[in-house]
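Each chain is listed here by its residues.
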Amino acid sequence: MTHTSQRRGLDPHRPGEEVIVLAMIAREYQGLDGIQKAMNELAAKMLEHGRDHWPKWTVDRLERAATGQPPSPLVAVFTETRRVENLFEDLKKKWLPRNREKGYPISLVITALFDDTRGLCQKEGFKEHTYLHSLGPFGKRAPQLPSGDELSLITMCGHGLIAKNRVRKLVESIRKGEVTPAQAAEDIARPCECGIGNKKRAQELFARLAKKFQSGP
Amino acid sequence: MSGPGDRISRRRFLDKTAKTGLVVYSLGAWSPISAVHGARSSPAAAKGPFRYIDKSKCVGCGSCVPLCPMEAITLANEKSSIDPNECAECGTCWRAKVCPVDAITPVQLEWPRLMREMFSNPLVVKKSTGVIGRGTEETKTNDATNRYKRGQIGVIVEPGRPVLGARFHDVEKILKKFRSRGYEVVSQNPVADLIADQKTGALNPEILDEKIISCVIELIVPDTSAHDVMTAVRELSGEVESVFSVSIALRANEQGKSRFEELFGRVYQLPNGKVNIGVAADVAKGGA
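Numbers given to residues run from 1 along each chain, matching the order in which its sequence is written. To read the labels, note that chains go from A and ligands from 1, taken in the order they are written. Thresholds applied to this predicted model are a pLDDT of at least 70 for local features of residues and 80 or more for the giving and counting of side-chain atom pairs; totals over whole chains, interfaces and linings are not thresholded and use all residues.

A. Main features of the domain arrangement of chain B. Residues and elements named next belong to chain B. All domain edges in this entry derive from an automatic or database-based domain assignment. You can read the domains of chain B as domain 1 (10-118) and domain 2 (134-264). In this description, a residue-residue contact is defined by the distance between C-beta atoms placed from the backbone, which must lie within 7 Å. Listed per partner, the contact involves 12 residues of domain 1 and 9 residues of domain 2. Those elements that place two or more of their residues in the side of domain 1 that touches domain 2 are α1 (10-20) and α3 (114-120). The nonpolar class holds Ala, Val, Leu, Ile, Met, Phe, Trp, Tyr, Cys and Pro. Asp, Glu, Lys and Arg form the charged class, and all remaining residues, Gly among them, are polar. The class makeup of the residues in the side of domain 1 that touches domain 2 is 7 nonpolar, no polar and 5 charged. Strands here mean DSSP runs of E at least two residues long; helices mean DSSP runs of H or I at least four residues long; both are numbered from the N terminus.

Pasting the structure below:
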């Protein structure tokens, strides 16, 4: 779940554009008394630091996680590094020390530009433990993959459920003035069960694609 | 646990599946997959019942056509239809609720077509991983589990990803390639359950034509094997009919830096990726 590792279109020249924070309890520890409540608290803290810049469905999903049985993993997409710094500052006050004291091994994972993650770890006093590097696609049909901005939109769903033709139809609809880039971004991100759609980045990608194909693909 | 040369039988797989309590998350509630019924007989190309569009209901609006990640839905003579050979049974068309007349009809899938849904619908839970989706815990909990230890590399190969999907023929090519080089697939992984011959990595022949959006093959190898792994990947690139993605998991060094370039040299990698920041390492019993 939450296949965030093959996301395309992040550029070291645009740092901080997307920082995904994921929390997960290893299978063997999921039954620990009190650990699910700690995940509820984390969802509430994510909301505290991101509520005002997230679309409604992200807020709704995290509100459910804060009050009901939280999913493992619990995921939130931030589009400002400052907010992640604030979240980590907050977690360091009571949440992390309490987890240590109670023996709640809740893992935290960042998916972002490696430079962004490095900066966050240095600033917040964390040390990288395990890396996952993506080498990209191979295979006979790799040259047939959509390129550039289309692939960036499609790979926002790590489960591969955003269809190429859906992206193209939405671009066409933007060109015709039937929908806005914001509506198109919402359309592809809303069904994302994992909650890893980035509406802000998708909106920019749709606007760019619509402009690019203004005079026909 | 299967020994070398063991072949998984259809019965054994179905027993395993039954034990998983295979469920699908839909419409905000957990419900047994058997709750969705209604099948029709299939043409020779596709085995068993499959998801279809009820032509007596379809009004030809075409709303479902662009939704299909596998481009299996087409509109002709003002009626939409699903090509059962190309459909991966991911359920996207049905879950999107775009059909104004409810013509998209899910069915109770049977072996071996059931494999399509298991590896394409991310809401299916697999017992072997205990998580929704196709993946494993991989790096995500490595600070608590020590799955990838120092001196080891996790190799994660995903046939079908991105965009194009793959058939189990391609999955088997990848399994056989790594097995022939002496590497074993990690257990507690949905693909590991499908291996019929542990010695060669061969899958049950009954599933080879089935199409899936993607699956995860995971290996843990010594870090001295980095170049051998890349040789296998490059060879496979000219052999796998569809696409596959490769990710490399590895422990940070003492300074928290990645050893990727030290081990793999100038192999291309994306500028972004996952990093476990280690907060559970000194909390979990098995952490390190």
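Following the structure, the description resumes.
B. Structural context of the interface of chain A and chain B. Contacts between the two partners involve 64 residues from chain A, matched on the other side by 70 residues from chain B. Elements that contribute at least two residues to the side of chain A that touches chain B include exactly β1 (19-25), α3 (81-102), β3 (106-113), α4 (114-124), β4 (130-138), α5 (148-154) and α6 (164-175) of chain A. Among the elements that make up the side of chain A that touches chain B, the one with the highest residue count is β4 of chain A (9 residues). Looking at the side of chain A that touches chain B, its residues break down into 34 nonpolar, 19 polar and 11 charged.

C. Quick look at helix α1 (residues 35-50) of chain A. All names here are of chain A. In a helix, the anticipated span is given by 1.5 Å times the number of residues less one. Between its terminal C-alpha atoms α1 stretches 23 Å, which fits the 22 Å expected from 16 residues at 1.5 Å a residue. By the burial criterion, the buried members of α1 are M39, L42, A43, K45, M46, H49 and G50. Each buried residue of α1 sits inside an arc of 165° when the element is viewed along its axis, so together they form one side. Burial is judged by counting the other C-beta atoms within 10 Å of a residue's own C-beta: 20 or more makes it buried, 12 or fewer makes it exposed, and any count in between marks it as partly exposed, with every C-beta position built from the backbone. Our arc is simply the arc of the directions from the helix axis toward the C-beta atoms.

D. Seen up close, the pairing of strand β4 (residues 73-76) of chain B. Residues and elements named next belong to chain B. Where β4 and strand β5 (residues 79-82) come together, 4 bridges link them in antiparallel fashion. Pairing of L75 across the sheet is with S80, part of β5. Remark: 2 residues form the turn of the hairpin made by β4 and β5, two consecutive strands paired antiparallel; N77 in that turn has positive phi of roughly 50°. Paired strands, in this sense, are two strands between which DSSP finds at least two bridges.

E. View of the sheet that holds strand β12 (residues 217-222) of chain B. Taken in spatial order, the 8 strands of this open sheet run β2(A)-β1(A)-β3(A)-β14(B)-β4(A)-β13(B)-β7(B)-β12(B), and their pairing is antiparallel. If you trace the sheet from one side to the other, it starts and ends with β2 (74-78) of chain A together with β12 of chain B, each paired once. In this sheet, adjacent strand axes meet at a mean angle of 20° when their direction is disregarded. Where β1 of chain A lies against β2 of chain A, 5 bridges are found, and the strand directions are antiparallel. What sits directly across from A23 of chain A, in β2 of chain A, is L74 of chain A. Sheet strands in contact with α1 of chain A are β1, β2 and β3 of chain A, and its direction is about 15° off that of β2 of chain A. Between the N-to-C directions of two axes lies an angle of 0 to 180 degrees, each axis being a line fitted to C-alpha atoms and, for a helix, fitted only over the stretch in contact.

F. Region of interest: the environment of E110 of chain B. Within the fold, E110 of chain B resides in the loop between β6 (104-105) and α3. Spatially, the C-alpha atom of E110 of chain B lies 6.9 Å from that of P49 of chain B, the residues being 61 residues apart in sequence.

G. Seen up close, α6 of chain A. For α6 of chain A, with 12 residues, the first-to-last C-alpha span of 17 Å sits near the 16 Å given by 1.5 Å per residue. In the stretch just after α6 of chain A, G177 of chain A is the one whose phi turns positive, near 80°.

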